[in-house]
Amino acid sequence: MFTEIDHVAIAVNDLEAAIDYYRETFGCDVDHREVVEKDGVEEALLRVADSYIQLLTPTRDDSPVAKYLATKGEGIHHVGYRVDDCASALESVKSHGYRVIDEQPRPGSRGTTVAFVHPKTAFGTLIELVQE
Ligand code: CO
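Residues numbered from 1 in each chain as written. Predicted model: local features only at pLDDT ≥ 70, side-chain atom pairs only at ≥ 80, totals over all residues. Heavy atoms only, no water.

The next thing to look at is the overall build of the protein. Across its full length, the protein holds 3 helices and 8 strands. Its helices and strands taken in sequence order, the protein reads β-α-β-β-β-α-β-α-β-β-β from the N to the C terminus. Relative to the globule expectation of 14 Å for 132 residues, the C-alpha radius of gyration of the protein, 14 Å, shows essentially globular dimensions. Residues counted as buried form 43% of the 132 residues belonging to the protein. Residue pairs at least 24 apart in sequence account for 51% of intrachain contacts in the protein once pairs closer than 6 positions are excluded. Summing over all exposed atoms, the protein offers an accessible surface of approximately 7300 Å²; the carbon and sulfur share of this is 51%. (Helix = DSSP H or I, 4+ residues; strand = E, 2+ residues; numbered from the N terminus. Rg over C-alpha atoms; globule rule 2.2 N^0.38 Å. Buried < 20%, exposed > 50% of the residue type's maximum accessible area, 1.4 Å probe, protein only. Contact = heavy atoms within 4.5 Å. Areas by Shrake-Rupley, 256 points an atom, 1.4 Å probe, with all protein chains shown as cover.)

Encoded structure:
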């Protein structure tokens, strides 16, 4: 079902500092930036071959990423896998009895359709299903 790793998302406190770090150290350029108001995050996508590093920072205190940073600190937040059909991938998770965060696919950044799978029954990893 997975066709590619779409992105590895990293939660950071200072988005500009993190962008500078990846640019200066590894020569990564920002391909896309977006504020996702509904999720309370600002993201910067840095292209690596056909995938991205997604730097994420909260835009408000009640953002899930703000809570993540407060309890766990900076670091890998989730892995986004590309799928051809987000709804059927999500249905597969549910039909196997595993927990999801999104009951239905919803709009993500870049015009994608996404759904999050709960880390509790996914061996500790927050998984995002990404359909382009
Ligand atoms: Co993501």
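There's plenty left to go through after this.
Metal coordination angles have textbook ideals: 109.5 degrees for a tetrahedral set of four donors and 90 or 180 degrees for an octahedral set of six. Every protein donor of the cobalt ion is accounted for by H7 (NE2), H78 (NE2) and E128 (OE), and the metal-donor separations fall at 1.9 to 2.1 Å. Written as a sequence motif, the donor residues of the cobalt ion are H-x70-H-x49-E. Residue H7 is found in strand 1 (residues 2–11), and its partner H78 is found in strand 5 (residues 75–83); the two are separated by 71 residues along the sequence. Each of the two residues, H7 as well as H78, counts as buried. (Donors = N, O, S within 2.8 Å, 3.2 Å for Na, K, Ca; no water.)

Turning our eyes to something else, we now look at the sheet that holds strand 6 (residues 106–107). If you walk across this open sheet you meet the 8 strands as 2-3-4-1-5-8-7-6, and the pairing is mixed. In the strand order of this sheet, the two ends are held by strand 2 (30–36) and strand 6, each with one partner. Note that strand 5 and strand 8 (residues 127–131) share 4 bridges and pair parallel. By the bridge assignment, G80 is partnered in strand 8 with E128. Docked against the sheet, helix 2 (residues 64–72) engages strand 1, strand 3 (41–48), strand 4 (51–58) and strand 5, running at close to 85 degrees with respect to strand 4. (Pairing = 2+ DSSP bridges. Axes fitted to C-alpha atoms, helices over the stretch in contact; angles between N-to-C directions.)

To continue, consider the side chain of E128. Here E128 lies in strand 8. Put simply, E128 is tucked away with no salt bridge, and the nearest opposite charge, on R106, sits 6.3 Å away. A polar contact of 2.8 Å, which involves the side chain of E128, links it to the side chain of H7. A polar side-chain atom of E128 sits 2.9 Å from a polar atom in the side chain of H78. Every residue in contact with E128, bar those within four places of it in the chain, is listed here: H7, H78, V79, G80, Y81, V114, A115 and F116. (Lys, Arg positive; Asp, Glu negative; His and termini not counted. Salt bridge = Lys/Arg side-chain N within 4 Å of Asp/Glu carboxyl O. Polar contact = N/O pair within 3.5 Å; in protein donor to acceptor, adjacent residues only side chain to side chain.)

A word on the environment of G97. Along the chain, G97 falls in the loop between helix 3 (86–95) and strand 6. For G97, a relative accessible area of 60% gives the class exposed. Considered as a pair, G97 and T121 are 24 residues apart in the sequence and their alpha carbons are 9.1 Å apart.

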